[in-house]
Structure formats: C-alpha cells, structure tokens
Amino acid sequence: MTAPTLEGVSLTGTGLHLAFGSNKVLRGVDLHVDAGKTVTVIGPSGSGKSTLLRVLNRLYEPDAGDVLLDGKSVLKDNPDALRQRIGMVFQHFNLFPHKTVIENIALAPRKLKGMSKDEARALALEQLELVGLAHKAESRPANLSGGQQQRVAIARALAMKPQVMFFDEATSALDPELVKGVLALMADLGAGGMTMVVVTHEMGFARSVSDTVMFMDHGAVVETGTPDQLFDSPETERLQQFLSQVL
Amino acid sequence: MVGSARKLRTAFAILLTMLLALVLTSCSSSGDDASGTRDLCSPPGIESASAAPTNLAQGATEAEDRYTTPDVVPLESIDTSRLGLITPGVLTVGTLSDAPPSICVNSEGVFTGYDNEVLKAIGEKLGLEVQFVGTEFAGLLAQVAGHRFDVGSSSITTTDERRNLVGFTNGYDFGYFSLVVPNGSPITGFSDLNASTRIGVVQGTVQDDYVVNTLKLDPVKFPDYNTAYANLKTGQIDAWVAPSQQAEGAIAPGDPTSIVENTFSVNNFVGWAVAKENQPLIDALNSGLDAVIADGTWAELYTEWVPRELPEGWKPGSKAAPEPELPDFAALAAQSGTEPAGTPAAEQKSTLTQLRETFFDWGLYQKAFPELLKTGLPNTLILALTSGIAGTILGMLLAVAGISRTRWLRWPARVYTDIFRGLPAVVIILLVGLGVGPVVQGLTGNNPYWLGAAALALLAAAYIGEIFRSGIQSVEAGQMEAARALGFSYRRSMSLVVVPQGIRRVLPALMNQFIALIKDSSLIYFLGLLATQRELFAVGRDLNAQTGNLSPLVAAGLFYLILTVPLTHLVNYIDHRLRVGRKEVTLDPLEQDLVVERG
C-alpha cells in the first residue's frame, strides 16, 4: 500500500479549560503538533483525552484557552467550517447505518462542498481504494466487520481532505485480529504527511508511530516527550505507575 | 422468516378470496331480494293502518294545546331570501337514519321517511331545494341552534325543555310513548315501573326526559332505538320506553316482546326544530305545512307512511288549517285484521334462529356489500389516508419541537401532546367538528367531512409525534457527533442523519397508528354526513338501522378486517426485518494481510 501525499498543518492548543458543572475535565492543557507530525495521547480512563479532542475541534467549546490551526486562532471561526478541516475517527466507528458504504463517504463532500453526485462518488471510491475496501462500496455498514467499518470511517473523514486527523481510541472496540489493519492504515497516513492527534491504548503504536507522546491524568498533561523518553525513562511516578499497569 | 412470509401470503389469499366471493355473489344476485327481510325504510302502505291504541294510560289526553299557532302568514307573502338559510335557496336539514318509518335512509342511500317526505313537499311549496344531512339525535338540537342546520327533522317531540333551546313549527305528527316489555313480564303499565326496573331509553329523547322528570326514575340510556330494542330482546333491560312509531316498527312478527301501554300529551306534538331567533323560517314552514294539508299531500303521505288514527283533540298544522281527509284507519285496521298495537304476536322463534337471523342474514350481506365497496371503503380510505398524511407532517413538527433545545418550542409541543393523547377520540372529533365547525363555516362550506379528517389528524399527530420523538431519541448520540464532526450543522445533522434513522426504527409503530386511524375514522359518523360521504361504519350502521338487523354491521366489520389484518401482519413482518436484518459478514483477505509497516 502506497502512502498518499497529504498536506497536514500545525495544530496548537493553549491553556485549555473545560468543566461540566463542577466537574473539571480539562485544567489548562497545552498541546502542539507540527505540520505532518503525530502526537499520541495516553493516560488512564477519565483523564480527559477524548474531551481534549472534542475541545480542539469545538464539539465542546472551551471555557478558557485558545486553539490555533496553521498558526491562526479558530475560536472565532464558524465551528462547522472548522470541523470540515479536522477529520475525526471514533471508537465505535459511528458510520451511518441507513446509508451504503459509498454514501457514507460521499455524503459530506456532496452536501458540504457542493460536489455533484458523480464527483462525490468518484472521490468516495478513491478513498475506499485507499483503505482497500472498494469492493464493499455498495454494502451496508452492518454487513462489514469492525475493522472494515473503521477503515470506512477513516475514508469518510479523509474524503473531506482534512488538514488534521483525530483518532479517538480508534481500535479499542475491535477484535484483536482486526486491530493491525486499522493501525497500519493510521501509520500510513502519518507517514504520508498528515498531522494527527491519536488517543490510544495501543502502546506499541504510540511508541513506533508517534513523534511525540503526551501522558494525561486528571485533566492535565503530566509528561510530554519523544516515545523513547516517555517509555524508557519516565520521570513522574504517575507515568511509571501507568506504564507498569498497561505494559 | 420464509415460514412467516408464507403464512402472511396464505392469510392474504384467504382474505382476498373471501372478499371476492362475497362481492361476486352480491353482484350476481343484487336486486334479487331473496332475504325476505323487510326494508323498514319504505312506506308500509295503508294495509298497515292501526287504530288508536286501546291501552292508553289514564289522563293522557287531558291537556290544553298551548303552542299551535291560530293561523299562518299567506304562502305568497313569504320571501325565501329572508329566511336566513345557510345556503340560499336550499333548506339544509339535519336528520337521522335510524328511526323508520319517520326518518331513515332507504336502500338507495337516500334520506326519506314520513317526516322528510312531508318536509320535501313543503320545500316544493316554498320553492326551496331540500338537502338532508345525517347526524346523531343527541347533537341535533344543538346543531340546529348553532346554525349547522336550518331545520332539524327527526320526529322531535316539542317539549318545554326543548323550546328553551330551539323553536318549533306546528305539529305534523303526534307521538304516543309506548312501553315495551318482554312477553310474560309482570310489568303491565307505566305505573308498574319502579327504581328496580331497568328501563331503556334513547339518550336525549323525550322518552328519556319523561322517565327522568315525570316518572323520576333512572333509565339506561342508549345511543339509538335499535340498540335499545336489541337489549330488551336479550333481557339486558326489563322495559323500553319508545316512541310508539319506533316501537311498532321495531317489533317484528315472532319477537318475544309486546307493547303493554301507551301515553300521549297534546302539547307534545311532533314538529320540526328551527333556530329560535329565526321566526321567518318557522312562519314559512308553518305556511307550507298548512298548504300541503290543504291540498291533500299531507293526508296522502300520512296514509302511505304512518297510517294510524289521529288522537282525540289533535290535528296537524295551525288551528286554521283544514281538517285533513283521512281514511277510517280504525275500520281498515279492524278489516285487515291488523291487531291494535300491544297484542303479543303468535309464534315465537328459537333463540338460535334469532341469533342467526340477527348476525348472518345472507340477503343483507348481499345488499350491504356493493354499498360498502362503493361508498364506505373509499371514504374510510380517504379519511384514514388524508388524516394519516396530515397527522404525520404535524407529528414530525411536534417531535422536532419536542426535542428542541428551545423551551418555547418544547413546551407547547408537550402540552399539545398531553391534551390530545389524554382525550378520547370521540371527544376530540365532536369538539372539533361541532365546536370549530361554525367558526370556519366559510372555509368548509358547513361540511363536517374535512373537519372530521382534521380532527383525526390532530389526534393522530399527538401519537405520531411521540412515536417520532422516541425514534429520534433512540438514535445513538455517536451519530449526531459523527455528523457534527464532519462539519454538518445541528439542523443538517438532524435532517440527514438522525431523523431518517429514527423514522426507520418506528415504522412498525407508525403502521399501527395508521391501523388505529382506519378504525377511528368511523367516529366521523357523529358529525353528520351526506349519504355519499358515509364511511364503512356509517354505511353498515344505516343499513342496520333500516333493517333492524346486525348483519350489515358484521359486513362492515369484515371490511375493516380485510384492511387491518393484512396491515397488522405487514407490521409484524417489517418489525421482524428491522430487528433481525440480513446478516452476511465476511472477513476480507485484506484484513489479515495488512501489517504495521513501520515497526
């Protein structure tokens, strides 16, 4: 499989705060990804990893802090327009079950970019070939395996030609034998120049694919560094504890 | 699944065959009235003449006539443009279908009966077209007072209480009340009735009033005469107080019942109801009545439809109207051997025979089917479909408002749903049909048909709205999130992704709602329909009223089943498909071949 050449842009979050009522989910999180690089976010459940992604693409509006895409703040932009520039892949795929695979992918380009039906379908088929599922174009998501569904979800996000991709525990819901295929695809994207923020429990992936690893706990970043730094010589006790549990 | 599909097909086939067989037989032999069931809605003729009842209650005729006018305005001086008619040139008449021979629908589906024929003759004298609309007695006077009808024609006995609500013309008929009891009953007269007697009356009739206010007893109230009589025959009630015309009409030879006593009051003659303030119309009808009495038309119609001796001290029309020339009914009755009302009939039928004749009169099925197919079925479908479509659109709006984040949309939707789901369908239909009717008269042309459909739609919307809302809310939050993450706005995420899935999930519930609508459309009956507007139930009901036999209602029931049973099975089938779906998961080879390239 050849990696396509992708044009990722840099993404920065500074001092991000978010609370749901009295529950402070994010307490001043900073994050920076250079264009074309991959940041992996690890940490125990409930540490705020998934919420961080949703604040960065403004599915949740932050209480404080800023988000910069390609160096420019996007908090004043139309949030719908912002999200068109950031692709997102979910733990449970969230494909649209009432549409075929190709319709799932063609929907957003058609309705949001004003493509004709044929243009959108051609684009969708191109994306499907990229994830190796062109032969499933007319299937319903329910008739695909979990791994296939996740690859369709990735194709759906890529069809909008995003500048950044978010992966929210994209392999957590998959049977072990299906994980490899999805991880391989993600690795390809990273290699192809996409800017990626990956929330994952796959430590092998975090170590081998990411440029930077970020460890979060209780809504704050505890430690950041290269994979080697974090996995081989963790500085904080909390990261040591976490790694001893998951490795 | 193959099995259930086959079962479904078999059920379809059986139903279709049934329908076909019934329609074919009814077509091939229509007109051949083999049933022998008498059509109660045709003139019985002079042969049925009866003398004044011999068993008249004491003191019944001792009263003074307070309401009959001394004379009438000359017919020539009446200006029909000043009668305040709903439709100029047309006398819109509210009448009933179930009290032959006074008022009924004949086998051609035309409103007729003695009262209506005399009214038509008067219409001719006045140069007015007469249009009849069927309704229920309980609402008739209110509808006349509310200008839904110009005239109410329903053998209405003119009591003081009713005169508070509407005005009346002079009398064109008179009424004895008859006391009908099962043969062998210990009750022999009105004086035998007491608090422990179960007395049947038709709701809102003068008999109801008589039992409650004069006898001070608590009667069992029925919606119509047939039901009351059927209950007497089956022993559900001990006695039935009925207008003597209806009592005599209902009791068929061989029935195990008889009239034991009659009563009469000269002030309670039978007249047409007109809105109280419309004195010009009352005057016009009075003039017309005197005119048809003078030229002999009244006597002709009276002899043809309700030939019986006039009571002592009463004649039709104003006091100035000529005495009508009638044959000597008492002599005729004696001659033709017609027994005076109240004598028990000779032979009695077995209960089984009675049941069979009541429910399974084949001749009546043959009579009912063409009418049910031509008039009833299309109207039921039109009502169910239009109200279904309108209800779905309105329900969709309610659902969207109900899950809206704006309180000003959510609350009204909630209140609407609570009210319309909490009320019985018939209440909504009556309130909308009779209450809103006069307000939007200009729009509906005083035709309650579409108001009825609207009432059904309003009712259905409340249920459909809840169905949609639950469907939409059952769609996983991830679907909305995925759509938003792609860049769709909230509204487009809703319309493109969430709502279509929600609707798909509730298709079975929607179908069930449609089935309910098919059944509820029968309630439109209460609003009063033209003969051509009658849906399945009304057609069956009218034929039932015409014949006093339940077979037409059973036939109407069959049509409902032919509509609803296949739909019910279709719902089950769709439900099954939606829940099980078609599974064909295969692992593609690529899945295993892919490896992590870096690492």
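Each remark here, short or long, concerns the structure printed above.
Residues numbered from 1 in each chain as written. Chains lettered and ligands numbered in written order. Predicted model: local features only at pLDDT ≥ 70, side-chain atom pairs only at ≥ 80, totals over all residues. Heavy atoms only, no water.

Notes on the overall build of chain B
Note the threshold: For helices the rule is a DSSP run of H or I covering at least 4 residues; for strands it is a run of E covering at least 2, with both sets numbered from the N terminus onward. Exposure classes here rest on a 1.4 Å probe applied to the protein chains alone. A residue is buried below 20% of its type maximum, exposed above 50%, and partly exposed in between. Should any heavy atoms of two residues lie within 4.5 Å, those residues are considered in contact. Throughout, the Shrake-Rupley method with a 1.4 Å probe supplies accessible areas, and for residues the shown protein chains are the sole cover considered.
Summing up its helical and strand segments, chain B has 22 helices and 13 strands in all. Classification of the 599 residues of chain B by burial places 52% in the buried group. Considering only residue pairs separated by 6 or more positions, chain B has 77% of its internal contacts joining residues 24 or more positions apart. Accessible surface, chain B as shown: approximately 26,600 Å² in total, 59% of it carbon and sulfur.

Let's talk about the sheet that holds strand E3 (residues 103-105) of chain B
Residues and elements named next belong to chain B. To keep things clear, this is the line we draw: We call two strands paired when DSSP finds no fewer than two bridges between them.
If you walk across this open sheet you meet the 3 strands as E2-E3-E4, and the pairing is antiparallel. Of all the strands in the sheet, just strand E2 (98-99) and strand E4 (111-112) have a single pairing partner and so form its edges. Where E2 meets E3, 2 bridges bridge the pair, whose relative direction is antiparallel. Each residue of the ladder has a partner; that of alanine 99, found in E3, is isoleucine 103.

Here's the deal with the pairing of strand E9 (residues 212-217) of chain A
All names here are of chain A. Across the 6 residues of E9, 5 count as buried, placing the element largely inside the fold. For strand E3 (residues 38-42) and E9, the ladder comprises 4 bridges, and the chain directions are parallel. Its bridge partner being in E9, valine 41 is matched across the sheet by methionine 214. Strand direction decides the pairing type here: E9 and strand E10 (residues 220-225), joined by 5 bridges, are antiparallel. Paired with valine 213 across the two strands is glycine 225, which belongs to E10. Where E9 folds back on E10, the antiparallel hairpin that results is connected by 2 residues, among which histidine 218 adopts a positive phi of roughly 50°.

Quick word on empty space enclosed by the protein
Residues and elements named next belong to chain B. Heads up, the rule is: Grid spacing is 1 Å over the protein atoms alone, the probe is 1.4 Å, and a cavity is where that probe fits but cannot get out, while a pocket is an open set with protein on both sides within 12 Å along at least five of seven lines and lining residues have an atom within 4 Å of a point. Grid points are joined across faces, edges and corners, and a volume is the space filled by probe spheres set on the points. In this count, Pro and Cys sit with the nonpolar residues alongside Ala, Val, Leu, Ile, Met, Phe, Trp and Tyr, while Asp, Glu, Lys and Arg are called charged and the others, Gly among them, polar.
For the structure shown, the criterion picks out 8 cavities of 30 Å³ or more. Space inside the largest cavity adds up to approximately 260 Å³. In this structure, the largest cavity is lined by 29 residues; those nearest its centre are Ser154, Ser155, Tyr225, Pro243 and Gln246. For the lining of the largest cavity, the secondary structure elements donating two or more residues are E2, strand E6 (151-157), helix H5 (206-214) and helix H7 (244-250). Take the lining of the largest cavity: its biggest share by element is 4 residues, from E6. Residue composition of the lining of the largest cavity, grouped by class: 14 nonpolar, 10 polar and 5 charged. There is about 80 Å³ of room inside the second largest cavity.

A few points about the sheet that holds strand E7 (residues 164-168) of chain A
Residues and elements named next belong to chain A. Convention followed: Here, axes are lines fitted to C-alpha atoms. For helices the fit covers the stretch in contact, and angles between N-to-C directions go from 0 to 180 degrees.
Overall, mixed pairing links the 6 strands, which are arranged E6-E7-E8-E3-E9-E10 in an open sheet. Strands at the two margins of the open sheet, each flanked by one partner only, are strand E6 (86-89) and E10. On average, each strand axis in the sheet is inclined to that of its neighbour by 20°, with strand direction left out of account. Where E3 lies against strand E8 (residues 195-199), 4 bridges are found, and the strand directions are parallel. Residue valine 41 lies in a different strand from E8, and its bridge partner there is valine 199. With respect to the sheet, helix H1 (residues 49-56) is in contact with E3, E6, E7, E8 and E9, its orientation differing from that of E7 by roughly 150°. Along the sheet face, helix H9 (residues 237-246) touches E3, E9 and E10 and points at about 100° away from the line of E9.

Bear in mind that shape data such as this cannot, by itself, settle questions of function.
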